[in-house]
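The chain contents come next:
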Amino acid sequence: ATLPPPRTRIFKIIVIGDSGVGKTCLTYRFCAGKFPEKTEATIGVDFRERLIDIDGEKIKIQLWDTAGQERFRKSMVQHYYRNVHAVVFVYDVTSATSFRSLPAWIEECKQHSLGTEVPRILVGNKCDLRESVQVSTDVAQQFADSHSMPLFETSAKSPSSQGGGGSCSSSDHVEAI
Ligand code: GDP
Ligand code: MG
């Protein structure tokens, strides 16, 4: 008997943080391999996908981008937090305010059962703006440690050798919820 073709496993990862920290640029960069020429403010919920190959198995990474839950209606919040495999918290290294918002985002996730049992990572974006840094790596690392998260300082904008590239498939979807 022939086996059915293997199904592509989908990993849903939600990207959370204040408006303007670069969530849309980061998800676009990961899925399309480049910095978007222009971004419009995200409306509602949007997701981008990238197919990656892990040990010969095709994995679909689905990054969920948001306008920030403060603008969500209740029904959307529930949809967004359902079946999440991992959470990415993003702040902007040039914005102390975006860093100070993190506890509230972490708390919001916990209220939707996304605590330490779900992989969570902390991302400090806009590292290319070195002269304007307001959040030091030390302070961010301490915060990450206290919440048992790894910290990654990134730039969606500056060229990098990792990520992106020609092998990614990108498709934009707007979820009508
Ligand atoms: P979002 O509201 O979190 O989705 O933020 P956006 O992705 O829309 O980005 C907000 C602004 O920050 C835009 O003007 C982007 O061009 C800019 N931006 C995003 N990521 C970076 C980055 O890594 N470096 C720099 N210099 N600007 C960035
Ligand atoms: Mg956005």
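Everything numeric in this text was worked out from a predicted model, so none of it was measured.

## Regarding the packing of aromatic side chains
For any pair of aromatic rings, the description rests on two quantities: the centre-to-centre distance and the angle between the ring planes. Following the criterion strictly, the structure yields 5 aromatic pairs and no others. Judged by centre distance (5.2 Å) and plane angle (75 degrees), the ring pair of Tyr80 and Tyr81 falls under edge-to-face. Exposure remark for Tyr81: the relative accessible area of 6% places this residue in the buried category. Lying over the aromatic face of Phe30, Arg50 brings its terminal NZ or CZ to 4.6 Å of the ring centre.

## Side note on the site of ligand 1
Near ligand 1, the surroundings consist of 17 residues, among which Gly20, Lys23, Cys25, Asp128 and Ala156 are the closest. Note that a nitrogen atom of ligand 1 is positioned 3.1 Å from one of the side-chain N or O atoms of Asn125. Taking Ser155, its side chain carries an N or O atom lying 3.3 Å from an oxygen atom of ligand 1. Of all the elements, helix 1 (residues 23-32) adds the most residues to the shell around ligand 1, at 3 residues. Its residues placed into classes, the shell around ligand 1 shows 5 nonpolar, 7 polar and 5 charged.

## Brief notes about the confidence of the model for the protein chain
Residues at a pLDDT of 70 or more form 80% of the protein chain, whose mean pLDDT is 83. In this model, residues 161-177 is a region of pLDDT below 50 whose contacts with residues beyond four sequence positions or in other chains number 34 contacts. Both confidence scores are given for the complex: pTM 0.85, ipTM 0.99.

## Observations regarding the side chain of Asn125
Its location among the elements puts Asn125 in strand 5 (residues 120-125). A relative accessible area of 3% means that Asn125 is categorised as buried. A polar atom in the side chain of Asn125 sits 3.1 Å from the backbone nitrogen of Ala156. When residues no more than four places from it in sequence are discounted, the contact partners of Asn125 are Val21, Gly22, Leu26, Val90, Tyr91, Asp92, Val93, Thr154, Ser155 and Ala156.

## Describing helix 5 (residues 137-146)
Listed in full, the buried residues belonging to helix 5 are Ala140, Phe143 and Ala144. Taken around the axis of helix 5, the buried residues stretch over an arc of 100 degrees, which confines them to a single face. More than 90 degrees from the buried face of helix 5, the exposed residues found are Asp138, Gln142, Asp145 and Ser146. Buried-residue contacts for helix 5 involve strand 4 (86-92), helix 3 (96-100), helix 4 (102-111), strand 5 and strand 6 (151-153). The positive-phi residue at the C-terminal boundary of helix 5 is Ser148, with phi of around 55 degrees.

Rules used throughout
For every chain, the first residue of the written sequence is number 1, and numbering continues from 1 along that sequence. Chain A is the first chain written and ligand 1 is the first ligand written, with later ones labelled in order. Residue-level local features of this predicted model are given only where pLDDT is at least 70; pairs of side-chain atoms are given and counted only at 80 or more, and the full residue set underlies all totals for whole chains, interfaces and linings. Heavy atoms from the whole structure form the basis of all side-chain values; hydrogens and water molecules are not counted. Think of it this way: a Phe, Tyr or Trp ring, Trp meaning its six-membered ring, pairs with another when their centres are within 6.5 Å, and the plane angle makes it stacked under 30 degrees, edge-to-face over 60, tilted otherwise. Burial status follows relative accessibility: with a 1.4 Å probe on protein chains alone, a residue under 20% of its type maximum counts as buried, one over 50% as exposed, and anything between as partly exposed. Both a distance and an angle decide whether a charge sits over a ring: NZ of Lys or CZ of Arg must be within 6 Å of the ring centre and within 35 degrees of the ring normal. The criterion for a residue being near a molecule or strand is simple. One of its heavy atoms has to lie within 4 Å of it. As used in this structure description, the phrase polar contact means that two N or O atoms lie within 3.5 Å; if the pair is within protein, one of them must be able to donate a hydrogen and the other to accept it, and residues adjacent in sequence are counted only when both atoms belong to side chains. Counting from the N terminus, the helices are the DSSP runs of H or I reaching at least four residues and the strands are the DSSP runs of E reaching at least two. Following the grouping adopted for this structure description, the nonpolar residues are Ala, Val, Leu, Ile, Met, Phe, Trp, Tyr, Cys and Pro, the charged ones are Asp, Glu, Lys and Arg, and the polar ones are all others, Gly among them. A score from 0 to 100, pLDDT tells how confident the predictor is in each residue. For this analysis, residues touch if any pair of their heavy atoms sits within 4.5 Å. To obtain the arc, one takes the directions from the helix axis to the C-beta atoms.

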